[in-house]
Amino acid sequence: GSPVTPATVRQLNVLRVLPETPHDLVPIYLPGSAPVSSGKGSNRDKVIELVNAAAAATRLGEYELAARGYLQAFGLCGSISLLTSVANMFYKLQVYDAARRIFDYLLTDATALNAEQHSLILLRIEQLSKVETANGNGGRRSESKAPGSAKATAPPSRMASAYQEHLHHELVEGLRSM
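What counts and what doesn't
- Residues numbered from 1 in each chain as written.
- Predicted model: local features only at pLDDT ≥ 70, side-chain atom pairs only at ≥ 80, totals over all residues.
- Heavy atoms only, no water.
- Helix = DSSP H or I, 4+ residues; strand = E, 2+ residues; numbered from the N terminus.
- Buried < 20%, exposed > 50% of the residue type's maximum accessible area, 1.4 Å probe, protein only.
- Contact = heavy atoms within 4.5 Å.
- Areas by Shrake-Rupley, 256 points an atom, 1.4 Å probe, with all protein chains shown as cover.
- Phe/Tyr/Trp six-rings, centres within 6.5 Å; stacked < 30°, edge-to-face > 60°.
- Salt bridge = Lys/Arg side-chain N within 4 Å of Asp/Glu carboxyl O.
- Expected span 1.5 Å × (residues − 1).
- Polar contact = N/O pair within 3.5 Å; in protein donor to acceptor, adjacent residues only side chain to side chain.
- Axes fitted to C-alpha atoms, helices over the stretch in contact; angles between N-to-C directions.
- Parallel < 35°, antiparallel > 145°, perpendicular 65-115°, else oblique.
- Left-handed = near helix turned anticlockwise from the far one by under 90°.
- Nonpolar A, V, L, I, M, F, W, Y, C, P; charged D, E, K, R; others polar.
- Core = buried A, V, L, I, M, F, W, Y, C linked by side-chain atoms within 4.5 Å.

## Focus on the overall build of the chain
Within the chain, the regular secondary structure consists of seven helices and zero strands. Its helices and strands in sequence order give the chain the pattern α-α-α-α-α-α-α, from N to C terminus. Relative to its full complement of 178 residues, the chain shows a buried share of 46%. The long-range fraction of contacts in the chain, counting pairs at least 24 apart against all pairs at least 6 apart in sequence, stands at 70%. Surface accessibility of the chain: about 8700 Å² in total, with carbon and sulfur atoms responsible for 55%.

This is the structure:
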């Protein structure tokens, strides 16, 4: 894994003070999204800080903290990539219902997705369908189950993990160039 440096600890502390992610309310509850202004950059800087902190949390396997960071960053800028990252963190946490709801929500306007995003979402939905079928609970995993209680879980996807890293770099570089 990644080494835990003082900078990483600071990043994780940024995420720890954020409110817990409301799994059962997503995507009905999403923080309001406002365009990131290129003015003073306080929103832009905050989004960069949150994305970097969430990336550090992801590398350390702190998916709940990462979800908090991505969701808050989404609320500041409305980036579909950030909402995809929230869903990926729910998937890694085995909160399949919330991940499925976000992926379904994102597919309601597939024209807003680029080809990579669309492919990743379809891959995740396919993986979720396999897990839901294996769990035999009417097609959806109950959120009341303990995360480790699912009999069959989808294996982590290398494509999804590599894409998540790509998203971190793309988002930060895009925001810095504003």
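## Thoughts on the packing of aromatic side chains
In total, this model carries one aromatic pair according to the counting rule given. Considering the side-chain rings of Tyr91 and Tyr96, the 5.8 Å spacing of their centres and the 65 degrees angle between planes classify their relative orientation as edge-to-face. Note on Tyr96: relative accessible area 2%, which makes it buried.

## Topic: the pattern of salt bridges
The tally for this structure, following the rule as stated, stands at five salt bridges. The partner of Lys46 in a salt bridge is Glu49, with the nearest N and O atoms 3.3 Å apart. Linking Lys46 with Glu49, this pair stays in helix 2 (residues 42-59), spanning three residues, or about one helical turn. Arg100 is the salt-bridge partner of Glu132, the closest N and O atoms lying 2.8 Å from each other.

## Looking at helix 2
With 18 residues, helix 2 ought to run about 26 Å at 1.5 Å a step, and its terminal C-alpha atoms sit 26 Å apart, in line with that. Burial in helix 2 covers these residues: Arg44, Val47, Ile48, Leu50, Val51, Ala53, Ala54, Ala55, Ala56, Ala57 and Thr58.

## Regarding helix 4 (residues 80-92)
Taking 1.5 Å as the rise per residue, helix 4 with 13 residues should run 18 Å; its terminal C-alpha atoms sit 18 Å apart, in good agreement. Burial of helix 4 is extensive: 11 of the 13 residues sit out of reach of the surface. Capping of helix 4 at its N-terminal end is provided by Ser79; its side-chain oxygen lies 3.2 Å from the backbone amide nitrogen of Ser81. Directly after helix 4, the chain includes Gln94, whose backbone phi takes a positive value near 65 degrees.

## Structural notes on the packing of helix 1 (residues 6-16) against helix 3 (residues 63-77)
Running from amino to carboxyl end, helix 1 crosses helix 3 at an angle of 70 degrees, the nearest separation of the two axes being 9 Å. On the basis of the axis angle, helix 1 is roughly perpendicular to helix 3. When you trace helix 1 past helix 3, the crossing you get is left-handed. Residue-level inspection shows Leu12, Leu15 and Arg16 of helix 1 in contact with helix 3, the latter providing Leu65, Ala66, Arg68 and Gly69. In terms of residue class, the contact of helix 1 with helix 3 is made up of four nonpolar, one polar and two charged.

## Re the nonpolar core
Core analysis: the largest hydrophobic core is formed by 38 residues, its most contacted members being Leu15, Tyr70, Leu82, Phe90, Ile102 and Phe103. Contributing elements (two or more residues each) for this core: helix 1, helix 2, helix 3, helix 4, helix 5 (96-107) and helix 6 (115-135). No other element matches the eight residues that helix 3 contributes to this core.

The values are spatial; any link to function lies outside them.
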